[in-house]
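A look at the structure
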Amino acid sequence: MNVSLRALRYVVAAADCGNVTEAARQLNVSQPSISAAIAQTEADLGLQLFVRHHARGISLTSAGQRYVNEARHLLAQPVRVLSLEPV
């Protein structure tokens, strides 16, 4: 399974905001982009990361909390750019 840094950022933002619409606003992307990233991540993992509360936002499941903790760790790592030039 390949997970993009973008999807990780979207899931973490949704968890931080507790609301998909607010996460989309903060990241300056569409709400469907956040929802799709969450749905695809959940499908790829075979786990529910969020509980949806009608008209009250979202909250993390225990599996979601573990995933978001790991995602935060990965996103905090410095990004190394691969160079095709000899060193």
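What you see is a predicted model; the values in this text were computed from it and never measured.

1. Side note on the environment of Ser-4
Tracing the chain through its elements places Ser-4 in the segment before helix H1 (5–17). Here Ser-4 falls in the partly exposed class, since its relative accessible area comes to 38%. C-alpha of Ser-4 to C-alpha of Thr-41: the two residues are 37 residues apart in sequence and 9.7 Å apart in space.

2. Some words on the packing of H1 against helix H2 (residues 20–27)
Following both chains from N to C, one finds H1 and H2 inclined at 120°, their axes separated by 8 Å at the closest point. Between H1 and H2, the angle is such that the two are oblique. Judged by the twist between their axes, the crossing of H1 over H2 is right-handed. Facing H1, whose interface residues are Arg-9, Tyr-10, Ala-13, Ala-14 and Cys-17, H2 presents Glu-22, Ala-23, Gln-26 and Leu-27. Its residues assigned to classes, the contact of H1 with H2 shows six nonpolar, one polar and two charged.

3. Some words on H1
For H1, built from 13 residues, the straight-helix expectation of 18 Å at 1.5 Å per residue is met to within 8% by its first-to-last C-alpha distance of 18 Å. For H1, the set of buried residues is Ala-7, Leu-8, Tyr-10, Val-11, Val-12, Ala-13 and Ala-14. Residues of H1 that are buried make contact with H2, helix H3 (31–45), strand E1 (50–53), strand E2 (57–60) and helix H4 (62–76). Taken from the residues just after H1, Gly-18 is the one with a positive phi, measuring 70°.

What counts and what doesn't
- Residues numbered from 1 in each chain as written.
- Predicted model: local features only at pLDDT ≥ 70, side-chain atom pairs only at ≥ 80, totals over all residues.
- Heavy atoms only, no water.
- Helix = DSSP H or I, 4+ residues; strand = E, 2+ residues; numbered from the N terminus.
- Buried < 20%, exposed > 50% of the residue type's maximum accessible area, 1.4 Å probe, protein only.
- Axes fitted to C-alpha atoms, helices over the stretch in contact; angles between N-to-C directions.
- Parallel < 35°, antiparallel > 145°, perpendicular 65-115°, else oblique.
- Left-handed = near helix turned anticlockwise from the far one by under 90°.
- Contact = heavy atoms within 4.5 Å.
- Nonpolar A, V, L, I, M, F, W, Y, C, P; charged D, E, K, R; others polar.
- Expected span 1.5 Å × (residues − 1).

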